[in-house]
Amino acid sequence: MIFIFSYNRKEMLESLIEELIPFNEHIMVIDDGSDFDINDERVGVCKFPHGGKSMWWHTWNETLKIAQSSIDNKFMFLPDDISNLDIEKIKRIRANFSIKEKYAYNILNVGNDRGWTRIKRKDCIIAGYESEVSPYVDCGYMTNRETLEVLDWKQDWINPARFDRENISSGVGEAQSRAYWLANVPMYLPKVKLAHHGNHESMMHPNERKKNPLITD
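Now for a description of the structure that goes with this document. Remember, predicted model here, so these are calculated numbers, not experimental data. (Residues numbered from 1 in each chain as written. Predicted model: local features only at pLDDT ≥ 70, side-chain atom pairs only at ≥ 80, totals over all residues. Heavy atoms only, no water.)

Bringing the packing of aromatic side chains into the picture now. Counting across every chain of the model gives twelve aromatic pairs. Seen in terms of ring centroids, Phe75 and Trp153 are 6.2 Å apart; in terms of plane orientation they differ by 80°. Their pairing is edge-to-face. Taken together, the positions of Phe75 in strand E4 (residues 74-79) and Trp153 in the loop between helix H4 (145-148) and helix H5 (172-182) put the pair 78 residues apart, joining distant regions of the chain. Between Trp116 and Tyr136 the ring centres are 6.1 Å apart and the planes differ by 80°, which places this aromatic pair in the edge-to-face class. Taken together, the residues span a long stretch of sequence, with Trp116 in the loop between strand E6 (104-106) and strand E7 (122-126) and Tyr136 in the loop between strand E8 (129-133) and strand E9 (141-144) at a distance of 20 residues. You'll find Trp116 and Tyr136 in the same group, each marked buried. Linked through ring pairs, Phe3, Phe5, Trp56, Trp60, Phe77, Tyr141 and Tyr180 together constitute an aromatic cluster. Just above the ring of Tyr136 sits the side chain of Arg114; from NZ or CZ to the centre is 4.4 Å. (Phe/Tyr/Trp six-rings, centres within 6.5 Å; stacked < 30°, edge-to-face > 60°. Helix = DSSP H or I, 4+ residues; strand = E, 2+ residues; numbered from the N terminus. Buried < 20%, exposed > 50% of the residue type's maximum accessible area, 1.4 Å probe, protein only. Lys NZ or Arg CZ within 6 Å of the ring centre and 35° of its normal.)

On to the environment of Leu108, then. Looking at the secondary structure, you find Leu108 in the loop between E6 and E7. Spatially, the C-alpha atoms of Leu108 and Leu20 are 16 Å apart, while their sequence positions differ by 88 residues.

Under the defined criterion, the tally for this structure stands at 18 salt bridges. With its nearest N and O atoms 3.2 Å apart, the salt bridge here joins Arg9 to Asp80. Residue Arg9 is located in the loop between strand E1 (2-6) and helix H1 (10-20), and its partner Asp80 is located in the loop between E4 and strand E5 (82-83); the two are separated by 71 residues in the primary sequence. The same class applies to Arg9 as to Asp80, namely buried. With a shortest N-O distance of 2.8 Å, Arg94 and Glu25 are connected by a salt bridge. In this pair, Arg94 sits in helix H3 (residues 87-96) while Glu25 sits in the loop between H1 and strand E2 (27-31), placing the two residues 69 residues apart along the sequence. If you follow the salt bridges from partner to partner, you end up with Arg9, Asp80 and Asp81 in one network. (Salt bridge = Lys/Arg side-chain N within 4 Å of Asp/Glu carboxyl O.)

Among the nonpolar cores identified, the biggest contains 31 residues, and Leu20, Leu85 and Ile107 are the most heavily contacted of them. Of all the elements, H1 adds the most residues to this core, at four residues. Each residue touching Leu85, except ones within four places of it in the same chain, is listed here: Leu16, Glu19, Leu20, Leu78, Ile90, Leu194 and Ala195. Of all hydrophobic cores here, the second largest spans 28 residues; its members include Phe3, Ala104, Cys139 and Ile158. (Core = buried A, V, L, I, M, F, W, Y, C linked by side-chain atoms within 4.5 Å. Contact = heavy atoms within 4.5 Å.)

Set out below in structure tokens:
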């Protein structure tokens, strides 16, 4: 099952859906209150009132409930603003992990660490591809049912006082990274990108993105 988190990026979303159709898996768009409706019979849509960064934990909590209620074992969580996914490589990496093997593999690697855990990056090979042991996952990754059991299929409440600090993140990636770290779930990064992320405006972190562009090339 593939989840796409989306907000007011109609053209990017439609393009990403087209790229993902060859996966031949159920696609669910998690819409954070966009100004348009998604009318594509090939995908499911769960639309919430716009909550933005401070309610991102709730959006993820509802998404994990959907994942739990599905019959799928493999899951991929993606932002709507990526493109040029290396589908064959992603399939091979996912196939490398057994049903009972816990893992979380990031789609992007932009070269910087988040400081959320004490894990040190280390080179490794996954499915024949150069990868790194990662100190984090950041809301764009692939995993499986066994791993999401570690989160108990929920994303805990994030204290809104967090957002008194300028350019602070939603807290979801940090919370999940720490949960996986404490449960000894291996997290990974690709050495060579699995998707492209360009220097476009961020819907969630506009000021931070201007200071620190998120670019995979």
